[in-house]
Amino acid sequence: MNGKFGEFIAEKRKSRGLTLRGLAAELGIVPAYMSDIEKGNRYPPDKDKLYELARILCLSEEETNTMFDLAAGEKENTVSPDLPEYIMGNEHVRVALRMARDNNASSEVWQKVIEMMEEQE
């Protein structure tokens, strides 16, 4: 664990004027567990609790995505918790990801893919 998830949560909690005890109570967990998460001594909570954290902390979509990525980064070989269902629910996504992996797709290639998708919005 690198502790970046906990640092992110602590920063957002403090910026919203919430106490550690208050946040723990809203999440339905004990303050010691919340403290361990913020200190990087415990893994981030499950997906449902992460969504609840995003709601309580009034995170924007971008902040929520960052939180998910940081949560995944705390565990080895883990994908952000908001993505597995989408990936596994769409064969084209799995094919594209494997193709990108096998071809060692560069950041530039992925940027073009992102731009192409933005054009379709």
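Everything below is about the structure shown above.
Chemist: So what's going on with the environment of Pro44? Which residues, and what values?
Modeler: Structurally, the position occupied by Pro44 is in the loop between α3 (31-39) and α4 (47-56). Judged by its relative accessible area of 8%, Pro44 falls in the buried class. C-alpha separation for the pair Pro44 and Met34, spaced 10 residues apart in sequence, amounts to 9.4 Å. If sequence neighbours within four positions are ignored, Pro44 has contacts with Phe5, Ala71, Glu74 and Lys75.

Chemist: Break down helix α1 (residues 4-15) for me, with residues and values.
Modeler: Because an α-helix packs 3.6 residues into every turn, residues spaced three or four apart end up facing the same way. With 12 residues, α1 extends 16 Å between its outermost C-alpha atoms, agreeing within 8% with the 16 Å of an ideal straight helix rising 1.5 Å per residue. Burial in α1 covers these residues: Phe5, Gly6, Phe8, Ile9, Ala10, Lys12 and Arg13. Residues of α1 that are buried in the fold lie against α2 (20-27), α3, α4 and α5 (61-73). Among the residues trailing α1, Gly17 stands out with phi positive, at a value near 75°.

Chemist: So what about the nonpolar core? Which residues, and what values?
Modeler: Judged by nonpolar contacts, the single largest core of 19 residues is most densely connected at Phe5, Ile9, Leu23, Met34, Leu53 and Met67. Elements with a contribution of two residues or more to this core: α1, α2, α3, α4 and α5. Beyond its immediate chain neighbours, meaning those up to four positions away, Met67 contacts Phe5, Phe8, Ile9, Leu50, Leu53, Ala54 and Leu59.

Chemist: Before we move on, could you go through the side chain of Thr64 and cite the residues and values that matter?
Modeler: Mapped onto the elements, Thr64 comes out in helix α5. The residues contacting Thr64, other than those within four sequence positions of it, are Ala54 and Leu59.

Chemist: Pulling in residues and values, what's your account of unusual backbone geometry?
Modeler: Outside of glycine, negative phi angles account for most residues, and trans bonds account for most peptide bonds. With phi around 55°, Cys58 is a residue other than glycine that occupies positive phi space. Within the element layout of this structure, Cys58 appears in the loop between α4 and α5. Judged by relative accessible area, Cys58 falls into the exposed class, the value being 56%. Of note, the phi angle at Asn104 is positive, near 50°, even though the residue is not glycine. Along the chain, the position of Asn104 falls in the loop between α7 (91-102) and α8 (107-119). Judged by relative accessible area, which is 65%, Asn104 ranks as exposed.

Quick notes on the rules
- Residues numbered from 1 in each chain as written.
- Predicted model: local features only at pLDDT ≥ 70, side-chain atom pairs only at ≥ 80, totals over all residues.
- Heavy atoms only, no water.
- Helix = DSSP H or I, 4+ residues; strand = E, 2+ residues; numbered from the N terminus.
- Buried < 20%, exposed > 50% of the residue type's maximum accessible area, 1.4 Å probe, protein only.
- Contact = heavy atoms within 4.5 Å.
- Expected span 1.5 Å × (residues − 1).
- Core = buried A, V, L, I, M, F, W, Y, C linked by side-chain atoms within 4.5 Å.

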